[in-house]
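Chain by chain, the residues:
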Amino acid sequence: MDQQLYAVAQQVKWSLKDKFADHIIRLGGFHALSCFIAAVGKLWSEAGLKDLLVDSGVYAGTTAEQMLSGKQFNRAVRGLTLVYEALMHVLLSQFFQCSDLEDRLADVPKHLWSRMKEANLQFESSACSGNSQPVDNLTETFTQYWGIANIAGQKSALIRWSLSRHVVADFASTMRVQSGIKSEADHMHGQTQKAVMKRDEEHVRTLINHLTERMTNPFDISLHPTCLINISTGMHVSPEIQKSLLTAIETGNKNLRSFVNNALSTDGKSSFYSPLSRSNLKIFADMSKKTPFRSRTGDTLHIHVDPELVFRRALTLSSSRSCNNVQSVSADIADDTDEIS
């Protein structure tokens, strides 16, 4: 259910409890995923995730902030997917480097490496030549180690199936499109287009290069400090925040058990619709203290002031002005802000 309809439906249910006592109203998957993305952003945005997206040039600053707050859903899903792919690439690369340095790759059976190389070469030669001779050797290889020949009782049937299955599938798909049963464009996802995939690959390479060259590699054990840090700035967190982050899963499970026992059980102490208590989780954003400011309406606001962000904005403004002086722009920003001591 959409969020606005959900809010209206909940109000109706609360006002008519007896009539809708057996009805359970749920948000749709879109809003559930938005909350999940916002949770990821809350935990790791100030730990270097936002800086990775912005400083690499993949996303603009305001866009990244909206993405990590649960908005800009499509961009957020794509951005987190690109970051995940980049992190997995760096992780696997670091794993093989460490294994090679410690001579742990020798523990892998040599015949497995040789068979994998042989299978790859046979696939390539079969695709180039178009003959079935390499497939015979490949079938023998798979029969000995993986038992694929057990699928078919006859070797010739297995070879014919392997060589013709993709042709039959392509022929059937083309016939369905030409007959009007389905449209190829209707069933093609936007992210599978060649131009989009090429752009995604370039952005993943950009993220990998920025992560390994300009940030602290989170998977390089030689660079690991004794405490949690921001991989972008290298700032160390306080022991209180580190303990809170390392025990976040345990705290979440504890709150979940408390909610189930109190709100879902028959003898629960609270209602299912009672407000949830805060977890009081400490995150990287809590490292910067809130500063009181007075708005134009006279209200007092307590907000986080990021000195690095202020400097970046002053630098951007100075480059667009004739004075080209960061100090004068910073002074103008300070004059426009009435800080309460």
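Keep in mind it's a predicted model, so treat the numbers as computed, not measured. (Residues numbered from 1 in each chain as written. Predicted model: local features only at pLDDT ≥ 70, side-chain atom pairs only at ≥ 80, totals over all residues. Heavy atoms only, no water.)

### Digging into the overall build of the protein
Formally: Each helix corresponds to a stretch of at least 4 residues labelled H or I by DSSP, and each strand to a stretch of at least 2 residues labelled E; elements are numbered beginning at the N terminus. Note on contacts: a residue pair is in contact if any heavy atoms of the two residues lie within 4.5 Å. Here the Shrake-Rupley method, with its probe set to 1.4 Å, supplies the accessible areas, and only the displayed protein chains count as covering residues.
In terms of regular secondary structure, the protein is built from 13 helices and 2 strands. Put simply, of all contacts in the protein between residues at least 6 apart along the chain, 51% involve residues at least 24 apart. Split by element, the accessible area of the protein, about 24700 Å² in all, is 56% carbon and sulfur.

### Observations concerning the packing of helix H2 (residues 29-44) against helix H5 (residues 73-101)
Put simply, the test is: Here the axes come from fitting lines to C-alpha atoms, over the contacting stretch only for helices, and the angles between their N-to-C directions go from 0 to 180 degrees. An angle counts as roughly parallel when it lies under 35 degrees, as roughly antiparallel when it exceeds 145, as roughly perpendicular when it falls between 65 and 115, and as oblique in every other case. Take the far helix as your reference; a near helix turned counterclockwise from it by less than a right angle gives a left-handed crossing, and one turned clockwise gives a right-handed crossing. Charged residues are taken to be Asp, Glu, Lys and Arg, nonpolar residues to be Ala, Val, Leu, Ile, Met, Phe, Trp, Tyr, Cys and Pro, and polar residues to be all remaining types, Gly included.
Two elements in contact, H2 and H5, have axes separated by 11 Å at closest approach and are oriented at 55°. When the axes of H2 and H5 are compared, the pair comes out oblique. In terms of crossing hand, the pair formed by H2 and H5 is left-handed. In this structure, H2 uses Phe 30, Leu 33, Ser 34 and Ile 37 to contact H5, whose residues at the interface are Phe 73, Ala 76, Val 77 and Leu 80. Each residue belonging to the contact of H2 with H5 can be placed in one class, and the counts come to 7 nonpolar, 1 polar and no charged.

### Focus: the pattern of salt bridges
It is possible for side chains bearing opposite charge to pair when their charged atoms get close. To keep things clear, this is the line we draw: What counts as a salt bridge is simple: a side-chain nitrogen of Lys or Arg found within 4 Å of a carboxyl oxygen of Asp or Glu. Residue exposure (1.4 Å probe, protein chains only): buried if accessible area is under 20% of the type maximum, exposed if over 50%, otherwise partly exposed.
Under the counting rule described, the total for this entry stands at 4 salt bridges. Taking the shortest distance from any N to any O, the salt bridge between Arg 78 and Asp 200 comes out at 2.7 Å. In this pair, Arg 78 sits in helix H5 while Asp 200 sits in helix H9 (residues 194-213), placing the two residues 122 residues apart along the sequence. When sorted by exposure, Arg 78 lands in the same class as Asp 200, which is buried. Residue Arg 199 pairs with Asp 200 through a salt bridge whose shortest N-O separation is 3.7 Å. Under the relative-accessibility criterion, Asp 200 is labelled buried at 14%. One connected set of salt bridges, linked through shared partners, spans Glu 46, Lys 50 and Glu 65.

### Description of the side chain of Asp 51
Worth spelling out the cut-off: Polar contacts, as used here, are pairs of N or O atoms within 3.5 Å; protein pairs need one atom able to donate a hydrogen and one able to accept it. Residues neighboring in sequence count only if both atoms are side-chain atoms.
Structurally, the position occupied by Asp 51 is in helix H3 (residues 49-55). Given a relative accessible area of 11%, Asp 51 falls into the buried group. For Asp 51, the side chain forms a polar contact with the side chain of Ser 232, separated by 3.1 Å.

### Points about the nonpolar core
So the rule is basically this: The criterion is simple. A nonpolar core is a set of buried Ala, Val, Leu, Ile, Met, Phe, Trp, Tyr and Cys residues joined through side-chain atoms within 4.5 Å.
Counting 21 residues, the largest nonpolar core has Leu 52, Leu 53, Val 83, Leu 207 and Leu 211 as its most contacted members. When residues of this core are traced back to their parent elements, those giving at least two are H3, helix H4 (61-67), H5 and H9. Sort the elements by how many residues they give to this core and H5 lands first, with 6 residues. Residues in contact with Leu 207, not counting those within four places in the same chain, are Leu 52, Ser 56, Val 58, Leu 82, Val 83 and Ala 86. Ranked by size, the runner-up nonpolar core spans 6 residues in total, among them Ile 241, Leu 245, Ile 283 and Phe 284.

### With respect to a nonpolar patch on the surface
The line we're drawing: Note that patches include only residues with greater than 30% relative accessible area and no salt bridge, and the join distances are 9 Å for like charges and 5 Å for nonpolar side chains (Val, Leu, Ile, Met, Phe, Trp, Tyr).
A contiguous nonpolar surface patch, about 380 Å² in accessible area, is contributed by Leu 92, Phe 95, Phe 96 and Leu 105. Relative to the assigned elements, Phe 96 resides in helix H5. Taking the relative accessible area as the measure of exposure, Phe 96 reaches 42% and is therefore partly exposed.

### What to know about the environment of Asp 299
Residue placement: Asp 299 occurs in the loop between strand S1 (290-294) and strand S2 (300-304). The class for Asp 299 is partly exposed, based on a relative accessible area of 46%. Once residues within four sequence positions are removed from consideration, Asp 299 is found in contact with Phe 293 and Arg 294.

### A few points about the confidence of the model for the protein
Cut-off, in case you're wondering: Values of pLDDT, the confidence the predictor places in each residue, fall between 0 and 100.
In the predicted model, the protein carries a mean pLDDT of 75, and 68% of its residues have values of at least 70. When the elements of the protein are averaged for pLDDT, helix H7 (residues 133-145) gives the smallest value, 46, and H3 the largest, 90. This model gives residues 126-139 a pLDDT under 50, and the stretch forms 17 contacts once residues within four places in sequence are excluded. Note on residues 141-151: pLDDT is under 50 here. Beyond four places in sequence and across chains, it has 15 contacts.

### Some words on the packing of H5 against H9
For any two helices packed against each other, one specifies the inter-axial angle together with the distance between the axes. One can describe the packing of H5 onto H9 by two numbers: an axis separation of 9 Å at closest approach and a directional angle of 55°. Relative to H9, the element H5 is oriented oblique. The two elements H5 and H9 meet at a crossing, and its hand is right-handed. Contacts from Arg 78, Leu 82, Val 83, Glu 85, Ala 86, Leu 87, His 89 and Val 90 of H5 reach H9 at Arg 199, Asp 200, His 203, Val 204, Leu 207, Ile 208, Leu 211 and Thr 212. Split by residue class, the contact of H5 with H9 holds 9 nonpolar, 3 polar and 4 charged.

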